[in-house]
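Commentary on secondary and tertiary structure
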Amino acid sequence: MADGARVPALLRFASHASAIAGVDLRKLWRDPTELATRALQPLLWFLVFGQVFDRTGVIPTGALSYIEFMAPGILAQSVLFAAIFYGIAVIWERDLGIVQKVLVSPASRTSLVVGKALAAGVRGLIQGALVVVIALAMNVRFRTDPAGMAGVAAAVFLGSALFATFSLVIACIVKTRERFMGIGQVLTMPLFFASNAIYPISMMPRWLGMVASVNPLTYLVDALRALLLAHAPAAANLPLDFGVLAMILAALVGLAAKLYPGLAR
Amino acid sequence: MADPVTPAITTVDLTRQFDTLTAVNRLTLSIEAGSIFGLLGPNGAGKSTTIKMLTTLLPPSSGGAQVAGFDIVREPTRVRRAIGYVPQMVSADGALTGVENMTLSAVLYDLPKRVRAGRITDALAFMDLADAAHRLVRTYSGGMVRRLEIAQALLHQPAVLFLDEPTIGLDPIARHAVWGRLKESRRQFATTILMTTHDMEEADVLCDRLGIMYRGQIAASGSPAELKAHVGAGASLDDVFRAVAGRAIVDEDAGTFQDISRRRRTASRLG
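Calculation rules
Residues numbered from 1 in each chain as written. Chains lettered and ligands numbered in written order. Predicted model: local features only at pLDDT ≥ 70, side-chain atom pairs only at ≥ 80, totals over all residues. Helix = DSSP H or I, 4+ residues; strand = E, 2+ residues; numbered from the N terminus. Rg over C-alpha atoms; globule rule 2.2 N^0.38 Å. Buried ≥ 20, exposed ≤ 12 C-beta atoms within 10 Å, placed from the backbone. Contact = placed C-beta atoms within 7 Å. pLDDT = per-residue confidence, 0-100. Pairing = 2+ DSSP bridges. Core = buried A, V, L, I, M, F, W, Y, C linked by C-beta atoms within 7 Å.

1. Considerations on the overall build of chain A
The helix and strand tally for chain A stands at twelve helices and zero strands. Listing the helices and strands of chain A from first to last along the sequence gives α-α-α-α-α-α-α-α-α-α-α-α. Here the C-alpha radius of gyration of chain A, 19 Å, is about what a compact globule of 265 residues would show, namely 18 Å. In terms of overall dimensions, chain A has C-alpha extents of about 65 × 40 × 35 Å along its principal axes. Here chain A holds 265 residues, and the buried ones make up 45% of them. Partitioning the contacts of chain A with sequence separation of at least 6, the portion at a separation of at least 24 is 83%.

Shown next as structure tokens:
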């Protein structure tokens, strides 16, 4: 019983979080079909939407082709769409009794939420790598320096963890799969279209531009555009982008840790 | 482990309200360390709500309780460290192997790395699961899943074990196997067990003392023999149940739609 008391708190926290993350990733490893099916959607965006708009030339993209301009947006989108339904898995675990079991353990609620966010981050990296491969096949010219690649990985990890934790918060509030599906659908479209993913903010009406500027996806896309593309516009403000993403993630983790115990009631 | 002289669980006026419904109403209870205590009662009597409060999943509206010497409201982490819990639902992860499920519990309960593997092997062997240790749990039978869940809950050698309908959906042979393991773990580790059940045979065979809950309170309590004698010569626990909670056997108290669907889901998953 006293076993746990001797281990330093931070070490305990890390081992609890990584155990939770490890379980999720092991399941993904055993059944990766979801990753493959989720790669289909970005492929369609490139092939259909991208190719059509590439020919119109109505969207100002500077030195970039439209396909190149949208590539970071589609990467961010695929991270968003995969992560935003993360909460469904948690609701499933609640219906099974798995949530109840981890909540009666002495692990801190924050470590449980951080574990989920870590797993989502790693998942996002795999998802992102698939999108990058597709984009390469579409002749998008990438930065190949280590700093750029590390930056892309960090941004994708952060973004995926952020939207998955957001999803977890929603799951804690709605608690049933039916309600969650409805809300998930309603949220993804505005998050995607009210961002700079597939057109620049400068094209938007003023009100939509304001919405986009408080949308975390905008900061993710902004960072990715600078870190991913060989001929990126120099406009990105990386410290701001990463700062905003990290702060929102921290706030969401705090909120989710508060709400998580409610799933067992 | 809790000192055998002091009670392992005490509640004083423990109350939980959901809007206008009082699920548990000023429950005062004392459960001796090392004993097996069965909570009986019709659906909606407050059994599960009581367990949720004692396992710190649900804060009480008023009143309080101590589990293994710790206050459920002020010292929830200490309570969690001292208890094991097997929910009514299937809480083992079907997509993981038996050992992987056990390892997750071992880490969450801070079992030191050097004893982890040994304890997991021992616990699986104790529950007759050694051969299935590396199989995915979704290939287990219902009885095996339940035994795995109990093994997980006992891994950190808790002073108090909570079981919410441990043998729901199991066939008679699997039920007897679970009972045997529970008795043995009480004998070896002096674990105090608080369980809910609808199964009168289970209550009779397994429990030292019973409390029959009705509308959020203990309506009758005592050893199975005492309760039966109180109703009359030759009475069964079914008779006791009917005498105490007889009025409850009408539709409105038979549990909500959600209760029933959850119960059937659990039963079908284990069966």
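2. Points about the overall build of chain B
For chain B, the count of helices and strands is ten helices and ten strands. Whereas a compact globule of 271 residues would reach a radius of gyration of roughly 18 Å, chain B reaches 18 Å, a difference of no more than 12%. Looking at chain B residue by residue over its 271 residues, the buried ones come to 52%. By sequence separation, contacts in chain B at least 24 residues apart represent 69% of the contacts at least 6 residues apart.

3. Considerations on the interface of chain A and chain B
Across the contact, 25 residues belong to chain A and 28 residues belong to chain B. Of all the elements in the fold, those that place two or more residues in the side of chain A that touches chain B are α1 (9-30) and α6 (98-103) of chain A.

4. Describing the confidence of the model for chain B
For chain B, per-residue confidence averages 90 on the pLDDT scale, and residues scoring 70 or more make up 92% of the total. Predicted as a complex, the structure gets a pTM of 0.90 and an ipTM equal to 0.89.

5. Considerations on the sheet that holds strand β2 (residues 21-32) of chain B
Residue and element names in this part refer to chain B. The sheet built from four strands is open, its strands ordered β2-β1-β4-β5 with antiparallel pairing. This sheet does not close on itself; its edge strands, each paired only once, are β2 and β5 (70-71). Direction of pairing for strand β4 (residues 62-67) relative to β5: antiparallel, over a ladder of two bridges. Along β5, the bridge assignment pairs V67 with F70.

6. Side note on the nonpolar core
Membership of the largest hydrophobic core comes to 162 residues, with the highest contact counts inside it found for A:L224, B:V67, B:A151, B:V160 and B:I212. When residues in this core are grouped by element, the largest group, 15 residues, is from helix α8 (residues 146-174) of chain A. Filtering out sequence-adjacent residues up to four positions away, A:L224 remains in contact with A:P72, A:L75, A:A76, A:V152 and A:A155.

7. Some thoughts on the pairing of strand β9 (residues 209-214) of chain B
Residues and elements named next belong to chain B. Judged by how many residues are buried, β9 sits mostly within the fold: five of six residues are covered. The sheet contact formed by strand β3 (residues 36-40) and β9 spans four bridges and is parallel. Considered in β9, the bridge of G38 is made with L210. Note: β9 against strand β10 (residues 217-222), five bridges, orientation antiparallel. Note that in β10 the partner of M213 across the bridge is I218. Count of turn residues in the β9/β10 antiparallel hairpin: two residues, of which R215 carries a positive phi of about 50°.

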